[in-house]
Amino acid sequence: MAKKAKVLITQTRSTIKRTQRQKKTIEALGLGKINKSVEKELTPQISGMITKVQHLIDVKEL
């Protein structure tokens, strides 16, 4: 079985003045405060969330 790719997602910008959908996506990723980081497996669902809020986060492959 192949090893899943992991990514480190860090919130770099605030969700103030953002749409409710973007705020909920940030929460679903486990973020919510600037400079908070989470490590996630890169699945199609997570990849889609990253695409929707890419202007608010920084992503690094592990």
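It should be noted that the structure appears before, not after, this text.
Participant: Is there a simple way to think about helix α1 (residues 20-28) in this case?
Facilitator: Along α1, the residues classified as buried are Q22, T25 and I26. For α1, the buried positions fall inside an angular range of 100° around the axis, keeping them on one side. Away from its buried face, by an angle of more than 90 degrees, α1 presents the exposed residues Q20, R21 and E27. Considering only its buried residues, α1 is in contact with β1 (6-11), α2 (44-52) and β3 (57-61).

Participant: Would you explain the side chain of T15 in this entry?
Facilitator: Structurally, T15 can be placed in the loop between β1 and α1. When residues no more than four places from it in sequence are discounted, the contact partners of T15 are K23, I26 and L56.

About the cut-offs
- Residues numbered from 1 in each chain as written.
- Predicted model: local features only at pLDDT ≥ 70, side-chain atom pairs only at ≥ 80, totals over all residues.
- Heavy atoms only, no water.
- Buried < 20%, exposed > 50% of the residue type's maximum accessible area, 1.4 Å probe, protein only.
- Helix = DSSP H or I, 4+ residues; strand = E, 2+ residues; numbered from the N terminus.
- Arc of directions from axis to C-beta.
- Contact = heavy atoms within 4.5 Å.

These figures come from the coordinates and say nothing about function on their own.
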